[in-house]
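Descriptive analysis of the structure
Single-letter residue listing:
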Amino acid sequence: MDVFESIRRRRTIRDFKPDPVPDDVLHRILQAARWAPSSSNTQPWHFIVVRSKDTIAQLGEICTQGTFIGQAPMAIAVVMGETRRPQLDAGRALQQMELVAWSEGLGTCFVGIRGEQQDQVKALLGIPEDMELVTVLPFGYRIMRPAGTGTPRKPMSEITHGERFGQELTFG
């Protein structure tokens with residue numbers, strides 16, 4: 001699948017087949033994250049790959065906004081070291097991971113983890129206190145909804161502007 005098609009077709013997935021993610025696919029996902037741009041090329045990220053069913057089940061119990069994590073065959077915790085823009089740098093790596101995963105037939109869903117849940121996940125995964133846990137992404141081969149149930153998008157004319165805000169963008 002080419003990059004544009006992967007971007008256009010990608011959907012958030014919360015239902016996964018139990019099939020394990022092969023090492024070569026995992027490696028491509030991690031390489032995509034590693035190659036993401038970062039502020040001043042600091043590459044502040046760390047990725048904790050979790051395959052233990054017990055640990056994944058615990059993550060599903062802790063992360064109440066993402067209990068579906070507990071059903072995934074694999075999860076990757078995204079942890080940021082010191083950087084001026086942790087959310088921006090993490091977001092770039094996350095998006096690249098999502099797109100490569102999608103092109104390989106997998107899906108994922110960003111899970112917000114806050115407050116006490118952050119502390120619990122950090123303790124479970126041995127994440128140092130001074131590092132920022134951005135998310136835990138569940139990964140698995142996707143179980144798709146019927147065609148045509150994708151999220152609609154606003155028309156281009158509502159979100160684009162030519163030269164100045166409020167002016168119509170024209171092509172050609």
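See the structure printed just above.
Quick caveat: nothing in here was measured; it's all calculated off a predicted structure. (Residues numbered from 1 in each chain as written. Predicted model: local features only at pLDDT ≥ 70, side-chain atom pairs only at ≥ 80, totals over all residues. Heavy atoms only, no water.)

Turning next to the packing of helix 3 (residues 53-62) against helix 5 (residues 115-125). Remark: helix 3 packs on helix 5, axes separated minimally by 10 Å, with the N-to-C direction vectors making an angle of 170°. With respect to helix 5, the element helix 3 is oriented roughly antiparallel. Counting all contacts with helix 3, which are made through Thr55, Gln58, Leu59 and Ile62, the residues of helix 5 involved are Gln117, Gln120, Val121, Leu124 and Leu125. Of the residues assigned to the contact of helix 3 with helix 5, the class counts are five nonpolar, four polar and no charged. (Axes fitted to C-alpha atoms, helices over the stretch in contact; angles between N-to-C directions. Helix = DSSP H or I, 4+ residues; strand = E, 2+ residues; numbered from the N terminus. Parallel < 35°, antiparallel > 145°, perpendicular 65-115°, else oblique. Contact = heavy atoms within 4.5 Å. Nonpolar A, V, L, I, M, F, W, Y, C, P; charged D, E, K, R; others polar.)

Below, the discussion takes up unusual backbone geometry. Here the phi dihedral of Gln43 falls at roughly 45°; this positive angle occurs in a residue that is not glycine. Mapping Gln43 onto the fold places it in the loop between helix 2 (23-34) and strand 1 (45-50). In the Ramachandran plot, Glu163 falls in the positive-phi region, its phi being about 70° despite a non-glycine side chain. By secondary structure assignment, the location of Glu163 is in the segment after helix 6 (156-159).

Before going further, it helps to examine the packing of helix 2 against helix 4 (residues 86-103). It is at 8 Å that the axes of helix 2 and helix 4 come closest, and there the two elements cross at 150°. One finds that helix 2 runs roughly antiparallel with respect to helix 4. For the pair helix 2 and helix 4, the sense of crossing is right-handed. Here Arg28, Ile29, Ala32 and Ala33 of helix 2 lie close against helix 4, whose contacting residues are Ala93, Gln96, Met97, Val100 and Ala101. Of the residues assigned to the contact of helix 2 with helix 4, the class counts are seven nonpolar, one polar and one charged. (Left-handed = near helix turned anticlockwise from the far one by under 90°.)

A word on the packing of aromatic side chains. Applying the stated criterion across every chain, the model contains one aromatic pair. Between Arg142 and the ring centre of Trp102, over which it is positioned, the NZ or CZ distance is 3.5 Å. (Phe/Tyr/Trp six-rings, centres within 6.5 Å; stacked < 30°, edge-to-face > 60°. Lys NZ or Arg CZ within 6 Å of the ring centre and 35° of its normal.)

Turning to helix 3, its buried residues are Thr55, Ile56, Leu59, Gly60 and Ile62. Seen from one end, helix 3 has its buried residues packed into an arc of 165°, which puts them on one side. Helix 3 presents Lys53, Asp54 and Glu61 as exposed residues on the side facing more than 90 degrees away from its buried surface. Here the buried face of helix 3 lies against strand 1, strand 2 (74-80), helix 5 and strand 4 (132-141). (Buried < 20%, exposed > 50% of the residue type's maximum accessible area, 1.4 Å probe, protein only. Arc of directions from axis to C-beta.)

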